[in-house]
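For reference, the chains in residue letters:
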Amino acid sequence: MLQNIKNNTRETSQLKKDGPYYKPIAKEVETFEHSYLQKLPFLLKGPTGTGKSRFIEYMAHRLDQKLITVSCHEETSSTDLIGRYIIKGAETVWLDGPLTTAVKTGAILYLDEIAEARPDVIVAIHSLTDHRRELFIDKLGETVRAHPDFMLVASFNPGYQRGFKELKPSTRQRFVAVSFHYPEARSEAVILVNETGISEGDAKKLVNIANKIRNLTELGLAETVSTRLLVDAAKLIGSGLSKRLAVHVAVVEPLTDDVEVITALNDLCDLMI
């Protein structure tokens, strides 16, 4: 069965040349394909900008499945996901939310940064993350069994505001989980070249800058240089912006508002670029 998916994947790739670029780092593609066959809930763990969202976009394209993405935040509730009644003209009608739509149509639902959402979201998805694979819609008094192709995927940044934003062990154990990290230098340079068309030499310089800053733990940065920031800098360089300015605005400035730290990082980057 998996071989059939792989055969279909190759055919899809040949027909759709405009799919998202993604460079596999370990065995995450193979792991996801097997999880998809079993429709096991899938959790992507890792820092911001390590390719979690790009990976699921790539896998949905690879498997030729519809993808519905929800960017979770502190106000995201189960009602936002399941659905609500709305007034349409002179009547009140029910409107399915993205979760209900995915369950009914067999789409892959991606809950980006699920730990940011309200606790009732976790409660709402529980029956979809075990053998039941069903969604209870309280406001309708209905239970919807998931379409055979439905798959639940979520992402989570374990290092962000640890404690308050942590996922409970009981929730984690409902998912197959894969950790994402910043790629090793050679792979990250390849990603920049393929993503932006920047020269290999400039890509290596950007990666060296990123790794240098990532090792400066004494700066106390909330987040460090992500691959996403490097892609932005590479795009600016490719469009003709000076290399130093591109690094200043796309890499350094997004990291901190501390003037002294910004100055120090800009000086460091100027020497390396």
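Check the entry above for the structure.
Position numbers for residues start from 1 in each chain and track the written sequence from start to end. It should be noted that, the model being predicted, local features are given only for residues of pLDDT at least 70 and side-chain atom pairs only at 80 or more, the latter also being counted only at that level, while totals for whole chains, interfaces and linings use all residues. With hydrogens and water set aside, each side-chain value is computed from the structure's full complement of heavy atoms.

1. Let's talk about the sheet that holds strand 8 (residues 151–156)
Across a sheet, paired strands are connected by hydrogen bonds in the backbone, their directions being either parallel or antiparallel.
Stage number 1. Spatial strand order, 2-5-8-1-9: five strands in an open sheet with parallel pairing. The sheet terminates laterally at strand 2 (67–71) and strand 9 (176–179), the two strands that pair on one side only. Strand after strand, the sheet turns through a mean of 20 degrees between neighbouring axes, direction not considered.
Stage number 2. Here, a strand pair is defined by DSSP locating no fewer than two bridges between the strands. Comment: elements are numbered from the N terminus, with helices defined as DSSP H or I runs of at least four residues and strands as E runs of at least two. Strand direction decides the pairing type here: strand 1 (residues 42–45) and strand 9, joined by four bridges, are parallel. Within strand 9, the position partnered with Phe-42 by the bridge is Val-176.
Stage number 3. Whether two residues are in contact is decided by their heavy atoms: any pair within 4.5 Å suffices. Axis definition: a line fit to C-alpha positions, over the contact stretch in the case of helices; interaxial angles, taken between N-to-C directions, run 0 to 180 degrees. In the packing of helix 5 (residues 98–105) onto the sheet, the strands contacted are strand 2 and strand 5 (108–112), and the crossing angle to strand 2 comes to about 160 degrees.

2. Here we look at the side chain of Thr-100
Stage number 1. Structurally, the position occupied by Thr-100 is in helix 5.
Stage number 2. Dropping the residues within four chain positions of it, Thr-100 is found in contact with Leu-81, Ile-82, Leu-135 and Ile-137.

3. A short note on the pairing of strand 7 (residues 142–145)
Stage number 1. Of the strand pairs in this sheet, strand 6 (residues 134–137) and strand 7 are connected by four bridges, and their pairing is antiparallel. In the strand pairing of strand 7, Glu-134 is matched with Arg-145.
Stage number 2. Counting the residues in the hairpin turn of strand 6 and strand 7 gives four residues, including Gly-141, whose phi is positive at 65 degrees.

Purely geometric stuff here, so don't read any function into it on its own.
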